[in-house]
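Structural features, examined
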Amino acid sequence: MKQIQMTKNSSFSLISTKKIIQMNDVWTSYDSKNFALEGINMSIDRGTNYAIVGQSGSGKSTLLKLLNGMMIPSKGTIKVDYVTPNMNDKKFKKMMHTIGYIPQSLGLIKNVTVIENILIGALPRLNKIQSMFKKFPENEIKEAKRILKLVGLSGKENRKAYMLSGGEKRRVAIARALMQKPTILLADEIVSELDHVTAREIMDLIADAQKRMNLTAIMVHHDMQLALEYANRVAVIKDGQKILEIGVEGDTIVDFQTGNMTTEEIKEMYANDSQK
Ligand SMILES: Nc1ncnc2c1ncn2[C@@H]1O[C@H](COP(=O)(O)OP(=O)(O)O)[C@@H](O)[C@H]1O
Ligand SMILES: [Mg+2]
C-alpha cells in the first residue's frame, strides 16, 4: 500500500507509506550498565492495532517512551513516520502532536474539569496568545464536546477529574489524546487496573475511534487474552527482548517470528512464561 497524492501543479504533497513504525536493533539503557531493551526489531503497518505484552519490568514502558521521543536509544534506529523520535529535535517536535501518548498514570489534571482536560489536546493548535491564556476558539470547544460524547461522558463535562471513576478517567485520557487528532496512539496499560467489563468498554472505544480516524494504536497490556482479542499483532517482550510476535488471522494465530503455532500453544507458552 503506497499512497501518493498530487497537488494541482502535479508536485508531490504527501507520501504515505505502509510502515508507520520501524525499529531496527534498538538497545537502550537508563544507567549505561544494564540494558532495558536489547536489540528490538519492530515494524508496524499504518492502521494496525498493535499490542505489547510482557511481565513487569520487561521493558514495555521504555519502548513507548522511545517511540514518543522521551528517551533516545543507545544503539539502533527508530523511525516514526520516517522521523527519528527525539523530544529535543525540531523536526520531531513539529510532528509530536500527531502522537497521542497516554501514560500509565494517565496524566490528567485532577482539579480541572473533564472538558478542560480534553481541551488540553488542542493546545498545540492554538497560537501563542490563545495558548498562554488557554483561550480556546469556539470550534475547538465544539470539537471537545463532540469527542466527550464519543467517549460516553455526556453530562460529565463540568465534573472535576478527581471525582471520576477509574473507567471515566481513562475515557477522559483517551478523549484528550483524540482531541490531538493523532495518527498514532500510544497507551501504557490503561486498562490493566480495571474490571473485565470496563476494560472491554474502553478497548471497544479505542477500536471504534481507530476505525473512524484510521489510527495506529500501540497499546501495552498486562493481559495476553485481552491483547489477542483486540490486536492485529501482539509482541511479547521478555527481559528487554522481543521473544514473539503473533497476529490473529481469522481463527488462527500466526507467529511472525518463528512459524505457525496454534492458539493453545501460544497461550500455554505465555502461561508457562508468566509463572517463571
Ligand atoms: N527511570 C528509570 N531509571 C532506571 N531504570 C529504569 C527506569 N525506568 C525503568 N527502568 C528499568 O528498565 C527496565 C524496564 O522497565 P519498564 O520499561 O518500566 O518495564 P515495564 O513497563 O515492562 O514494566 C526495568 O528493569 C526497570 O527497572
Ligand atoms: Mg510499564
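Below, the structure is looked at part by part. (Residues numbered from 1 in each chain as written. Chains lettered and ligands numbered in written order. Predicted model: local features only at pLDDT ≥ 70, side-chain atom pairs only at ≥ 80, totals over all residues.)

Re the sheet that holds strand E3 (residues 19–29)
The pairing of strands in a sheet comes from backbone hydrogen bonds and takes either a parallel or an antiparallel form. Note the threshold: Pairing between strands requires that DSSP locate at least two bridges from one strand to the other. Secondary structure follows DSSP: runs of H or I at least 4 residues long count as helices, runs of E at least 2 residues long count as strands, and numbering of each begins at the N terminus. Angles run from 0 to 180 degrees between N-to-C directions of axes, and those axes are lines fitted to C-alpha atoms, restricted for helices to the stretch in contact.
As summarised here, the arrangement of the three strands in space is E4-E3-E6, forming an open sheet in which the pairing is antiparallel. Every interior strand has two partners, whereas the edge strands, strand E4 (35–45) and strand E6 (75–80), have only one. Taken pair by pair, the neighbouring strands of this sheet meet at an average axis angle of 15°, ignoring direction. Direction of pairing for E3 relative to E4: antiparallel, over a ladder of seven bridges. Directly across from Thr28, in E4, lies its bridge partner Leu37.

A closer look at the sheet that holds strand E11 (residues 241–249)
Our working rule: We call two residues in contact if the C-beta atoms placed from their backbones are at most 7 Å apart.
Taken together, the seven strands give an open sheet; going across it, the order is E7-E8-E9-E5-E10-E11-E12, and neighbouring strands pair in mixed fashion. Pairing within the sheet leaves two strands with one partner each, and these edge strands are strand E7 (99–102) and strand E12 (252–255). If you compare each strand with its neighbour and ignore which way they point, the axes differ by 20° on average. Two strands pair when backbone bridges link them, and strand E8 (residues 184–188) and strand E9 (residues 216–221) are joined in this way by five bridges, in the parallel orientation. Bridge assignment links Ile184 to a residue of E9, and that residue is Thr216. Each of E7 and E8 is contacted by helix H6 (residues 166–179), which is oriented at about 165° to E7, the strand it contacts most.

Here we look at H6
Where we set the bar: How far a helix is expected to stretch is found by multiplying one less than its residue total by 1.5 Å. Remark: C-beta atoms are placed from the backbone, and a residue is labelled buried if 20 or more other C-beta atoms sit within 10 Å of its own, exposed if 12 or fewer do, or partly exposed between those counts.
For H6, which comprises 14 residues, the first-to-last C-alpha distance of 20 Å matches the rise-based estimate of 20 Å (1.5 Å per residue) to within 8%. A large share of H6 lies buried, amounting to ten of its 14 residues. Every buried residue of H6 is accounted for by Arg170, Arg171, Val172, Ala173, Ile174, Ala175, Arg176, Ala177, Leu178 and Met179. Among the structural elements, E7, helix H3 (114–119), helix H5 (138–150), E8 and helix H7 (196–213) are those in contact with the buried residues of H6.

Observations concerning unusual backbone geometry
A positive phi angle, near 50°, is found at Asp81, a position not held by glycine. Since 19 C-beta atoms lie within 10 Å of it, Asp81 is described here as partly exposed. In this structure, Glu189 is a non-glycine residue whose phi angle is positive, near 50°. Within the secondary structure, Glu189 sits in the loop between E8 and H7.

Here we look at the site of ligand 1
Keep this limit in mind: As a rule, any residue with its backbone-derived C-beta atom within 6 Å of a molecule or strand is reported as near that molecule or strand. Under the convention adopted here, Pro, Cys and the residues Ala, Val, Leu, Ile, Met, Phe, Trp and Tyr are nonpolar, Asp, Glu, Lys and Arg are charged, and Gly plus all remaining residues are polar.
Tyr30, Asp31, Ala36, Gly54, Ser56, Gly57, Ser58, Gly59, Lys60, Ser61 and Thr62 make up every residue found near ligand 1. By residue number, the principal contributor to the shell around ligand 1 is helix H1 (residues 60–67), which donates three residues. Across the shell around ligand 1, the residue classes tally to two nonpolar, seven polar and two charged.

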